[in-house]
Amino acid sequence: MANIGDLPEDVLVELFSLVPARELVCNCRLVCVLWRDVINLATVWKRKCQREGFNHEKWDRTAQDWKIFYFLCSLKKNLLKNPCAEESFRSWDLKSNGGDKWKVEDLPGSHGKDFPSPQVRKYFVTSYGPCLKSQLINLKREGYWDQLMDEIRPDIVVKDWYAARFDCGCRYELSVRLLSADFIVLHEFCPEPVVIEQWSDAEWREISHTFRNYKAGVRHILFQHGGQDTQFWAGWYGCRVTNSSITIEPRMSP
């Protein structure tokens, strides 16, 4: 009677490429030496990437990396919750809430412009007093294990969008910090605050940053942004923010 061990390697590769990734790693690899060796092949993970449509044209390909590439693509998501104010301030910690406090408004808002993506329908807006909000991301809870972050150190990509009203100037600020397990700052991105003058074009602007080759030990990410208006008018004439994101992605070639 024939058994699965008698099948050619290319057939085994095709079969294993159909099995869920965590089953392959946690269960199938433990069955026998043959299965372990085949599952360790780059061709299995490359085939899984092709099956699931993961784009790898710019990936710095080495045989050992296809499994990591697969897991990073399958895990990829926006780690910030409620980035577009669809759930009011749920998941956000309001660190400063000055003036008339934070508020959620519908796009385009008074004296504002539509967002480049029609899927984004709301934004957060500050008042005349300092307004800052933050989220703390626990990477292990999001599926990123310690060895991955310490040895592979995938790219951590940060993006944020901000705008002002046409009739009022504002100040926008952003800080993103990579933290250790005991919340020591290992790396940070803290650009100079942006001041938008009154009578601006009210266009939405994107700011982005990629953390690469950071120190081992990153376990949390602290994202914080906000600002205030510069005319000190009562109400919600300040900085508008929405569509913030933090993603962890395969490291690309320079």
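Residues numbered from 1 in each chain as written. Predicted model: local features only at pLDDT ≥ 70, side-chain atom pairs only at ≥ 80, totals over all residues. Heavy atoms only, no water.

As recorded in an unreviewed UniProt entry, the chain goes by the name F-box only protein 6, listed as coming from Chelydra serpentina.

A contiguous nonpolar patch, built from Leu 7, Val 11, Leu 15 and Leu 18 and spanning about 310 Å² of accessible area, is present on the exposed surface. Position of Val 11 relative to the elements: it lies in helix 1 (residues 9–16). (Patch = residues over 30% accessible without salt bridge, like charges linked within 9 Å, V, L, I, M, F, W, Y side chains within 5 Å. Areas by Shrake-Rupley, 256 points an atom, 1.4 Å probe, with all protein chains shown as cover. Salt bridge = Lys/Arg side-chain N within 4 Å of Asp/Glu carboxyl O. Helix = DSSP H or I, 4+ residues; strand = E, 2+ residues; numbered from the N terminus.)

Let us look at the packing of helix 4 (residues 42–51) against helix 5 (residues 66–75). Taken N-terminus to C-terminus, the directions of helix 4 and helix 5 make an angle of 30°; their axes are 8 Å apart at the nearest point. It follows from the interaxial angle that helix 4 and helix 5 lie roughly parallel. For the pair helix 4 and helix 5, the sense of crossing is left-handed. Along the contact surface, helix 4 presents Ala 42, Trp 45, Lys 46, Lys 48 and Cys 49, while helix 5 presents Trp 66, Lys 67, Phe 69, Tyr 70 and Phe 71. Residues of the contact of helix 4 with helix 5, tallied by class, amount to 7 nonpolar, no polar and 3 charged. (Axes fitted to C-alpha atoms, helices over the stretch in contact; angles between N-to-C directions. Parallel < 35°, antiparallel > 145°, perpendicular 65-115°, else oblique. Left-handed = near helix turned anticlockwise from the far one by under 90°. Contact = heavy atoms within 4.5 Å. Nonpolar A, V, L, I, M, F, W, Y, C, P; charged D, E, K, R; others polar.)

Further remarks concern the side chain of His 220. As for its placement among the helices and strands, His 220 is situated in strand 10 (residues 220–229). For His 220, a relative accessible area of 8% corresponds to the buried category. Look past the residues within four positions of His 220 in its chain and what remains in contact with it is Leu 136, Ile 137, Asn 138, Leu 139, Arg 177, Leu 178, Leu 179, Ser 180, Ala 181 and Phe 183. (Buried < 20%, exposed > 50% of the residue type's maximum accessible area, 1.4 Å probe, protein only.)

By secondary structure assignment, the location of Arg 212 is in the loop between strand 9 (205–211) and strand 10. A relative accessible area of 46% means that Arg 212 is categorised as partly exposed. Considered as a pair, Arg 212 and Ser 127 are 85 residues apart in the sequence and their alpha carbons are 35 Å apart. A distance of 3.1 Å separates the side chain of Arg 212 from the side chain of Asp 155, its partner in a polar contact. (Polar contact = N/O pair within 3.5 Å; in protein donor to acceptor, adjacent residues only side chain to side chain.)

Another point: the pattern of salt bridges. Enumeration according to the criterion identifies 21 salt bridges in this entry. Each of Lys 140, Asp 146, Asp 150 and Arg 219 takes part in one network of salt bridges that share partners.

As a further point, take the nonpolar core. With 37 residues, the main nonpolar core has Leu 139, Tyr 144, Ile 156 and Ile 246 as its most contacted residues. Among the elements that take part in this core, strand 6 (residues 170–179) stands out by supplying 5 residues, more than any other. Residues within four places of Tyr 144 in sequence aside, it is in contact with Leu 72, Leu 75, Lys 76, Leu 79, Leu 139, Met 149 and Ile 248. Formed by 19 residues, the second largest nonpolar core is a distinct cluster that contains Leu 12, Cys 28, Ile 39 and Phe 54. (Core = buried A, V, L, I, M, F, W, Y, C linked by side-chain atoms within 4.5 Å.)

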